[in-house]
Protein chains: 2
Amino acid sequence: MQNLSKNQQIIFDLIDKSPEPMKAYSILHNVQKKGIKAPLQVYRALDKLVEIGKIHKIESRNAFIACHNSSCQVSKATAFSICEICEKVTEISSASLSKYLTNFKDKDGMKYSKYNLEFFGLCKKCR
Amino acid sequence: MQNLSKNQQIIFDLIDKSPEPMKAYSILHNVQKKGIKAPLQVYRALDKLVEIGKIHKIESRNAFIACHNSSCQVSKATAFSICEICEKVTEISSASLSKYLTNFKDKDGMKYSKYNLEFFGLCKKCR
DNA sequence: ATTAAATTGTTATAATATAACACTATGTAA
DNA sequence: TTACATAGTGTTATATTATAACAATTTAAT
Ligand SMILES: [Zn+2]
Ligand SMILES: [Zn+2]
Ligand SMILES: [Zn+2]
Ligand SMILES: [Zn+2]
């Protein structure tokens, strides 16, 4: 696994330190002092970081979180829990869940190369 | 289940007839001849239709499809297969899958009120 | 040194979605 | 039937999310 480029490292560090998912333009505001001035610079770094599994996109929120599954071997098999009140997002790492979904075949016998699952509910604090 | 309003009905009929997911502004273009002129009119109808389970949003595509699970009792438990080449989207209705996910509990024993699952791969035609 | 691939910088623009306000229709209850 | 609440509509403006197009630079192998 090669090193990250300058922009990729700056943006990954920011997301990695964030306790919550970050949105692209929030990232932009936070890295402008480091010389990253344009949305495209952010989106390019995000695209790459997603591709190599260092971060994941929370599709329902248009936001990004760092992967904490030991630098995700499973960026093609992602599952998250999302609190609908405080918006806390946690990556789920359940062997049985990923096994079930990775092996899932639909009625036509189609097997999939990738999945993304988002669970919604209330977190401990919000219950 | 109450009837749909005028705009809701127009927009639902359009999505329901479409063989593929429709995007909001594509919907807008298609209903302008029927007097729906502004994005907000479309988004409001979409919001309501999603809420009552007549349509679903495909989050990874920002697009909408009609529910064909006999007017989805399961709008809070959705699963789709998405072809990464032709972008065909099919709603998966698998009793075992929905049972597994509805009963899924994470490490903290948290149970969820809702989920959305998107599988990616190649459809029959595209393999 | 040469070259290909990846990354960066920049300006402009496209695509997706919501805020705010005024008005109209519909259903329910005094 | 009047009063009231709720849902839906129409409209303008604006916010948010994301990509196109082009030129330059860096990186890592030959
Ligand atoms: Zn991960
Ligand atoms: Zn919470
Ligand atoms: Zn459905
Ligand atoms: Zn296909």
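Calculation notes
- Residues numbered from 1 in each chain as written.
- Chains lettered and ligands numbered in written order.
- Predicted model: local features only at pLDDT ≥ 70, side-chain atom pairs only at ≥ 80, totals over all residues.
- Heavy atoms only, no water.
- Near = heavy atom within 4 Å.
- Polar contact = N/O pair within 3.5 Å; in protein donor to acceptor, adjacent residues only side chain to side chain.
- Helix = DSSP H or I, 4+ residues; strand = E, 2+ residues; numbered from the N terminus.
- Nonpolar A, V, L, I, M, F, W, Y, C, P; charged D, E, K, R; others polar.
- Buried < 20%, exposed > 50% of the residue type's maximum accessible area, 1.4 Å probe, protein only.
- Contact = heavy atoms within 4.5 Å.
- Domains from an automatic or database assignment.
- Buried area = accessible area lost by both parts, 1.4 Å probe.
- Salt bridge = Lys/Arg side-chain N within 4 Å of Asp/Glu carboxyl O.
- Least-squares fit on C-alpha atoms with pLDDT ≥ 70 in both.
- Pairing = 2+ DSSP bridges.

A. Structural detail: the protein's contact with DNA strand D. Around DNA strand D, a shell composed of 16 residues is seen, among which Lys23, Leu40 and Lys57 of chain A together with Gln41 and Arg44 of chain B lie nearest. Backbone atoms, meaning sugar plus phosphate, form 47% of the atoms of DNA strand D positioned within 4 Å of the protein. The side chain of lysine 57 of chain A places a nitrogen or oxygen atom 2.7 Å from a phosphate oxygen of DNA strand D. Residue asparagine 7 of chain B places a main-chain N or O atom 3.0 Å away from a phosphate oxygen belonging to DNA strand D. Elements with a minimum of two residues in the surface near DNA strand D: α3 (39-51) of chain A together with α1 (6-17) and α3 (39-51) of chain B. When residues of the surface near DNA strand D are assigned to their parent elements, the largest contribution, 4 residues, is made by α3 of chain B. Of the residues in the surface near DNA strand D, the class split is 5 nonpolar, 5 polar and 6 charged.

B. How the structure looks around the side chain of serine 81 of chain A. With respect to the helices and strands, serine 81 of chain A occurs in strand β3 (residues 77-83). The class of serine 81 of chain A is buried, set by a relative accessible area of 8%. Each residue touching serine 81 of chain A, except ones within four places of it in the same chain, is listed here: Lys88, Val89, Thr90, Ile92 and Phe119 of chain A together with Tyr112 of chain B.

C. Expanded view of the protein's contact with DNA strand C. In the region of DNA strand C, 16 residues are neighbours, and Gln41 and Arg44 of chain A together with Lys23, Leu40 and Lys57 of chain B sit closest. Taking lysine 6 of chain A, its main chain carries an N or O atom lying 3.4 Å from a phosphate oxygen of DNA strand C. Contributing elements (two or more residues each) for the surface near DNA strand C: α1 (6-17) and α3 of chain A together with α3 of chain B. Of all the elements, α3 of chain A adds the most residues to the surface near DNA strand C, at 4 residues. Across the surface near DNA strand C, the residue classes tally to 5 nonpolar, 5 polar and 6 charged.

D. Representation of the domain arrangement of chain A in the model. Residue and element names in this part refer to chain A. Per the domain assignment, the segments of chain A are domain 1 (6-66) and domain 2 (77-121). With 9 residues of domain 1 in contact, the opposing surface of domain 2 contributes 10 residues. Between domain 1 and domain 2 lies a buried interface of about 750 Å² when both sides are counted; carbon and sulfur atoms form 56% of it. Considering only the side of domain 1, the residues that lose the most area to domain 2 are His56, Ile58 and Arg61, jointly responsible for 54% of the buried surface there. Along the contact surface separating domain 1 from domain 2 lie 1 salt bridge.

E. Region of interest: the relation of the copies chain A and chain B. Once chain A is rotated about the relating axis by 180° and shifted along it by 0.0 Å, it coincides with chain B to within an RMSD of 0.0 Å. Taken together, the rotation and translation describe the operation of a two-fold axis. The rotation axis passes nearest to the C-alpha of leucine 117 of chain A in chain A, at a distance of 2.2 Å. Take the interface residues of chain A: 100% of them recur as interface residues in chain B, which is what a same-surface contact looks like.

F. Local environment of the interface of chain A and chain B. Facing 28 residues of chain A, the contacting portion of chain B comprises 28 residues. At the boundary of chain A with chain B, total buried surface from both sides reaches about 2,600 Å², with 63% on carbon and sulfur atoms. At the junction of chain A and chain B, the tally comes to 1 salt bridge. Between glutamate 84 of chain A and lysine 114 of chain B there is a salt bridge whose closest N-O contact spans 3.9 Å. Taken together, chain A and chain B are joined by 12 residue pairs in polar contact (both at pLDDT 80 or more). Among the elements of the structure, α4 (95-102) and β5 (114-121) of chain A are those that each provide at least two residues to the side of chain A that touches chain B. Ranked by residue count, the leading element in the side of chain A that touches chain B is β5 of chain A, at 8 residues. Taken together, the residues that form the side of chain A that touches chain B break down as 13 nonpolar, 8 polar and 7 charged. Here 7 bridges tie β5 of chain A to strand β5 (residues 114-121) of chain B, and the two strands are oriented antiparallel to one another. Each bridged residue has a counterpart across the sheet, and for tyrosine 115 of chain A the counterpart in β5 of chain B is phenylalanine 119 of chain B.

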